[in-house]
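Structural characterization, general
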Amino acid sequence: MNQIEFMQLVNPFKDKLFRVAKRLLVSTEEAEDATQEVLIKLWNKNERLDEYNSIEALAMTMTKNYCFDQLKSKRASNMKIVHDNFTDKEASLQQKVEDNDTWKWIERIMNNLPKQQKLIVQMRDIEEMEFKEISKVLEMNEQAIRTALSRARKVIRENMIKTHHYGNG
């Protein structure tokens, strides 16, 4: 496979790799480095890529593992939701302020979730990956992923209810 064919192969999911890396590493520069490292590793596997059922799942797994290695070697986990992608461009200024405030609260709540739950919420709710894909990437069965996602959503929901209840009282 030549370089052009390789780039055509990875372009559809390259941004997804970056977003997962950014979620885990927080820093844009570190996420760019992680994405580049994964793409280099994929390129080095170039001749054997046809052995894999899903190159995207392989790349996601490699990204996750690379980021976890970086986190272990550098510092404790400090993840952040990037909420800019979720603000409606036609929304009023008031709505944008409210959306921004809501995302900041969700971000704070997610910072307290276990690392695995953060990653599952990122992959399922933000990246919109299928349970089967997440299962491959995280090497977990789908039911365990569904359970972890349900628990994470429940924690987020309960904390948001408390936040809005106390904020209104």
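Quick caveat, the model's predicted, so the values are computed rather than measured.

Considering the packing of aromatic side chains
Evaluated as defined, the whole model comprises 1 aromatic pair. Relative to Trp-43, the ring of Phe-6 lies with its centre 5.1 Å away and its plane at 75°, an arrangement referred to as edge-to-face. Taken as a pair, Phe-6 in helix α1 (residues 3-25) and Trp-43 in helix α2 (residues 28-44) lie far apart in primary sequence, 37 residues in all.

Considering the nonpolar core
One finds Leu-42, Met-123 and Leu-138 to be the most contacted residues of the largest nonpolar core, which totals 44 residues. Elements with a contribution of two residues or more to this core: α1, α2, α3 (55-74), α4 (93-111), α5 (115-126), α6 (131-138) and α7 (142-168). Here this core takes 9 residues from α3, the largest share from any one element. Discounting chain neighbours no more than four positions away, the residues touching Leu-138 are Lys-64, Leu-119, Ile-120 and Met-123.

Considerations on the side chain of Thr-63
The topology assignment puts Thr-63 in helix α3. For Thr-63, a relative accessible area of 0% gives the class buried.

Some points on unusual backbone geometry
For Glu-139, which is not glycine, the phi torsion reads 55° and is therefore positive. Considering the arrangement of structural elements, one finds Glu-139 in the loop between α6 and α7. Glu-139 sits in the exposed class, given a relative accessible area of 65%.

Here we look at the packing of α1 against α2
Look at α1 against α2: their axes get within 8 Å of each other, and the N-to-C directions meet at 145°. Crossing of α1 over α2 shows right-handed handedness. Of α2, the residues touching α1 (which contributes Gln-3, Phe-6, Val-10, Phe-13, Lys-14, Leu-17, Phe-18, Ala-21, Lys-22 and Leu-25) are Thr-28, Glu-30, Ala-31, Glu-32, Ala-34, Thr-35, Val-38, Leu-39, Leu-42 and Trp-43. Looking at the contact of α1 with α2 residue by residue, the classes come out as 13 nonpolar, 3 polar and 4 charged.

What to know about the packing of α5 against α6
Following both chains from N to C, one finds α5 and α6 inclined at 145°, their axes separated by 10 Å at the closest point. For the pair α5 and α6, the sense of crossing is right-handed. Along the contact surface, α5 presents Leu-119, Ile-120, Met-123 and Arg-124, while α6 presents Phe-131, Ile-134, Val-137 and Leu-138. Looking at side-chain class alone, the contact of α5 with α6 contains 7 nonpolar, no polar and 1 charged residues.

As for α5
End to end, α5 covers 16 Å across 12 residues, agreeing with the expected 16 Å (1.5 Å per residue, within 8%). Those residues of α5 that fall on the buried side of the exposure criterion are Gln-117, Lys-118, Leu-119, Ile-120, Val-121, Gln-122, Met-123 and Ile-126. Positive phi appears at Glu-128, one or two residues downstream of α5, with a value of about 55°.

What to know about the pattern of salt bridges
One pass over the structure, following the stated rule, counts 4 salt bridges. Across the pair Arg-153 and Asp-125 runs a salt bridge, and its minimum N-O distance is 2.4 Å. In this pair, Arg-153 sits in helix α7 while Asp-125 sits in helix α5, placing the two residues 28 residues apart along the sequence. On the basis of relative accessible area, Arg-153 is assigned to the partly exposed category, the value being 35%. Here Asp-125 falls in the partly exposed class, since its relative accessible area comes to 32%. As a salt-bridge pair, Lys-154 and Glu-158 come within 3.9 Å of each other at their nearest N and O atoms. Here Lys-154 and its partner Glu-158 are both found in helix α7, 4 residues apart, which amounts to about one turn of the helix. Given a relative accessible area of 44%, Lys-154 falls into the partly exposed group.

The rules behind each value
- Residues numbered from 1 in each chain as written.
- Predicted model: local features only at pLDDT ≥ 70, side-chain atom pairs only at ≥ 80, totals over all residues.
- Heavy atoms only, no water.
- Phe/Tyr/Trp six-rings, centres within 6.5 Å; stacked < 30°, edge-to-face > 60°.
- Helix = DSSP H or I, 4+ residues; strand = E, 2+ residues; numbered from the N terminus.
- Core = buried A, V, L, I, M, F, W, Y, C linked by side-chain atoms within 4.5 Å.
- Buried < 20%, exposed > 50% of the residue type's maximum accessible area, 1.4 Å probe, protein only.
- Contact = heavy atoms within 4.5 Å.
- Axes fitted to C-alpha atoms, helices over the stretch in contact; angles between N-to-C directions.
- Left-handed = near helix turned anticlockwise from the far one by under 90°.
- Nonpolar A, V, L, I, M, F, W, Y, C, P; charged D, E, K, R; others polar.
- Expected span 1.5 Å × (residues − 1).
- Salt bridge = Lys/Arg side-chain N within 4 Å of Asp/Glu carboxyl O.

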